[in-house]
Amino acid sequence: METFIHALPKVELHLHIEGSLEPELLFTLAERNQIPLPYADVESLRAAYQFTNLQSFLDIYYQGANVLIREQDFYDLTWAYLQKCHQQNVVHTEIFFDPQTHTDRGIPFADVIGGISRALADGESKLGITSALILSFLRHLSEEAAFATLEQALPYRDLFVGIGLDSSEKGNPPEKFSRVFARVRELGFKVVAHAGEEGPAEYIWTALNDLQVARIDHGVRCVDDPALVEHLRQTRVPLTVCPLSNTKLCVFSEMSEHNIGKLLDQGLCVTVNSDDPAYFGGYMEENYLAIQSALDLTKPQLAQLARNGIEASFMTEQRKQALMAQVDSLL
Ligand code: ADE
Ligand code: ZN
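Residues numbered from 1 in each chain as written. Chains lettered and ligands numbered in written order. Predicted model: local features only at pLDDT ≥ 70, side-chain atom pairs only at ≥ 80, totals over all residues. Heavy atoms only, no water.

Asks: Explanation requested: the nonpolar core in the structure shown.
Replies: The nonpolar side chains of a soluble globular protein tend to be buried, and buried together. One finds Phe137, Phe181, Tyr279 and Leu305 to be the most contacted residues of the largest nonpolar core, which totals 113 residues. In this structure, phenylalanine 181 is in contact with Phe137, Ile163, Gly164, Leu165, Val191, Val192 and Leu211, ignoring residues within four places of it in sequence. (Core = buried A, V, L, I, M, F, W, Y, C linked by side-chain atoms within 4.5 Å. Buried < 20%, exposed > 50% of the residue type's maximum accessible area, 1.4 Å probe, protein only. Contact = heavy atoms within 4.5 Å.)

Asks: Whenever I open this one, the site of ligand 1 confuses me. Can you help?
Replies: Neighbouring ligand 1 are His16, Leu54, Phe57, Leu58, Tyr61, Asp166, Ser167, His194, Glu197, His218, Asp275 and Asp276. Histidine 16 places a polar side-chain atom, nitrogen or oxygen, 3.4 Å from a nitrogen atom of ligand 1. Within the contact set of ligand 1, a nitrogen atom lies 3.4 Å away from a side-chain nitrogen or oxygen of histidine 218. Expressed as a share of its isolated accessible area of 260 Å², the protein-covered part of ligand 1 is 100%. The pocket occupied by ligand 1, as judged from atoms lying within 2 Å of grid points, is the largest cavity. (Near = heavy atom within 4 Å. Polar contact = N/O pair within 3.5 Å; in protein donor to acceptor, adjacent residues only side chain to side chain. Areas by Shrake-Rupley, 256 points an atom, 1.4 Å probe, with all protein chains shown as cover. 1 Å grid on protein atoms, 1.4 Å probe; cavity = no way out; pocket = protein on both sides within 12 Å on 5 of 7 lines; lining within 4 Å. Sits in = over half its atoms within 2 Å of the grid points.)

Asks: Explain the packing of aromatic side chains to me, please; I cannot follow it from the model alone.
Replies: What characterises a pair of aromatic rings is the spacing of the ring centres plus the angle enclosed by the ring planes. Considering all chains together, one arrives at 14 aromatic pairs under this definition. Here the aromatic rings of phenylalanine 57 and phenylalanine 280 are separated by 4.7 Å at their centres, their planes lie at 50°, and the arrangement is tilted. Here phenylalanine 57 is found in helix H4 (residues 54-65), whereas its partner phenylalanine 280 is found in helix H14 (residues 277-280), with 223 residues between them in sequence. Each member of the pair, phenylalanine 57 together with phenylalanine 280, is buried. Of the aromatic side chains, those joined through ring pairs into one cluster are Tyr49, Phe51, Phe57, Tyr61, Tyr62, Tyr279 and Phe280. (Phe/Tyr/Trp six-rings, centres within 6.5 Å; stacked < 30°, edge-to-face > 60°. Helix = DSSP H or I, 4+ residues; strand = E, 2+ residues; numbered from the N terminus.)

Asks: Whenever I open this one, the coordination of the zinc ion (ligand 2) confuses me. Can you help?
Replies: The reference angle at a metal is 109.5 degrees if four donors form a tetrahedron and 90 or 180 degrees if six donors form an octahedron. Around the zinc ion (ligand 2), the protein supplies His14 (NE2), His16 (NE2), His194 (NE2) and Asp275 (OD) as donor atoms, at distances of 2.0 to 2.3 Å. Because the angles between the four donor atoms bound to the zinc ion (ligand 2) fall within 82 to 173°, the donor set is best described as irregular. Sequence spacing of the donor residues for the zinc ion (ligand 2), all on one chain, is H-x1-H-x177-H-x80-D. Here histidine 14, found in strand E1 (residues 10-16), pairs with aspartate 275, found in the loop between strand E8 (270-272) and H14; they are 261 residues apart in sequence, far enough to count as distant. (Donors = N, O, S within 2.8 Å, 3.2 Å for Na, K, Ca; no water. Tetrahedral: all angles 85-135°; square planar, octahedral: opposite > 155°, others 65-115°.)

Asks: Quick question: what am I supposed to make of the pairing of E1 here?
Replies: Regular strands have side chains that alternate between both faces of the sheet. Most of E1 is tucked away: seven of the seven residues are buried. Relative to strand E2 (residues 90-97), E1 runs parallel, the two sharing five bridges. Pairing of histidine 16 across the sheet is with phenylalanine 96, part of E2. (Pairing = 2+ DSSP bridges.)

Asks: Just to check I follow, could you spell out H4 for this structure?
Replies: Owing to its 3.6 residues per turn, the α-helix aligns residues three or four sequence positions apart on the same side. Look at H4: 16 Å from first C-alpha to last across twelve residues, which is about the 16 Å you get at 1.5 Å a residue. Residues Leu54, Phe57, Leu58, Ile60, Tyr61, Tyr62, Gly64 and Ala65 constitute the buried set of H4. In this structure, the buried side of H4 is in contact with E1, helix H2 (23-32), helix H6 (99-103), strand E3 (130-138) and H14. (Expected span 1.5 Å × (residues − 1).)

Asks: How should the layout of surface pockets be read in this particular structure?
Replies: Leftover empty space is mapped by rolling, across the atoms, a probe with the size of a water molecule. Considering only enclosed or pocket space, the largest pocket measures out at about 160 Å³ in volume. If you trace the largest pocket, you find it lined by Ser117, Leu120, Ala121, Glu124, Ser131, Ala132, Leu133, Asp158, Leu159, Phe160 and Val161. Taken together, the elements giving at least two residues each to the lining of the largest pocket come down to helix H7 (109-127) and E3. Here the element with the most residues in the lining of the largest pocket is H7; it accounts for four residues. Grouping the amino acids of the lining of the largest pocket by side-chain chemistry returns seven nonpolar, two polar and two charged. (Points joined across faces, edges and corners; volume = space filled by probe spheres on them. Nonpolar A, V, L, I, M, F, W, Y, C, P; charged D, E, K, R; others polar.)

Asks: Looking at this structure, how should I read the environment of alanine 80?
Replies: Along the chain, the position of alanine 80 falls in helix H5 (residues 71-87). Judged by relative accessible area, which is 32%, alanine 80 ranks as partly exposed. Through-space distance from the C-alpha of alanine 80 to that of leucine 239 is 26 Å; in sequence the pair is 159 residues apart.

Asks: Explanation requested: the UniProt feature "binding site: Zn(2+)" (unreviewed entry) in the protein chain in the structure shown.
Replies: Taking the UniProt record as the reference, the feature "binding site: Zn(2+)" (unreviewed entry) is found at His14, His16, His194 and Asp275. Their sequence span is 262 residues, while the largest C-alpha to C-alpha distance among them is just 11.8 Å; these annotated residues converge on one region. The annotated residues named above include His16, His194 and Asp275 as those lining the largest cavity. Among the structural elements, histidine 16 can be located in strand E1. Leave out the neighbours within four places in its chain, and histidine 16 touches Tyr61, Phe96, Asp98, Asp166, His194, Asp275 and Asp276. In this structure the side chain of histidine 16 is engaged in a polar contact, spanning 3.4 Å, whose partner is the side chain of histidine 14. Within the secondary structure, histidine 194 is located in strand E5 (residues 190-195). What makes histidine 194 buried here is its relative accessible area of 4%. (UniProt positions renumbered as here; feature names shortened; annotations may be inferred.)

Shown next as structure tokens:
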């Protein structure tokens, strides 16, 4: 199974680049930028990665991002993630970045997007990994702040393909951002949103109907509403599911309780992703391996998950067809 999972040409659609900051690089950047850390060493930092819910994780994730200061830091962060992709046969990745996490600390938007994009270009030319960038608004902040971020981003609009919505879900429903996403759609960007991770199935409906998203990030709470499951089955609006994230954040008590296998068998376009791999204990292969062993998934089921990732991506039809053929050749 390990060999099969490795051989699958994998597509990642839900990855926060700030969540790929490994403790070792975090310490290196803290030293380089002279940022004091409340942890003695890498081991004690890693030991603090015990989460009870989404907010307990976000508090540590935003603290970790404070070591990212210069354009080169964003390059190094992204390049380290792309090397992981290369090792794990991830052939295409669509990456979130949270500009407000950085611009609110006085880091220029140009340095954030510049460093990430420069690494992505090298990823394509040196490693053959294609990619797209998705700017994500922080939903615990105001819609006005999201509008300001959009304005700041527009001079760089050729560097990102879509806009998403992340951070603290409960109490910050998608409709809080209806107006800004109407503008985002007018501008021609793809729209995605985190919904139904911890929040209710209702948030998935409003992400679909109010924000008119192309994909739902997480979406696992859809099972609380049978009509929504049927809608997702019929429309094949993709869910970018993150199994290790869901168990680390106690969305499911253990992996054997995860619903990705059931949703797959019901015909939904569910995909496998790593979310914040440095914090949740694994990249794409570890996520595939974890669900395979806990849910006893077969090779055809794993291949269908890989196909769903290809289908759900923003790649060209031509590249999608080529990758689908590669998956089929493995069965
Ligand atoms: N930001 C980074 N990871 C996230 C997650 N899993 N949910 C919401 N916001 C996030
Ligand atoms: Zn996420």
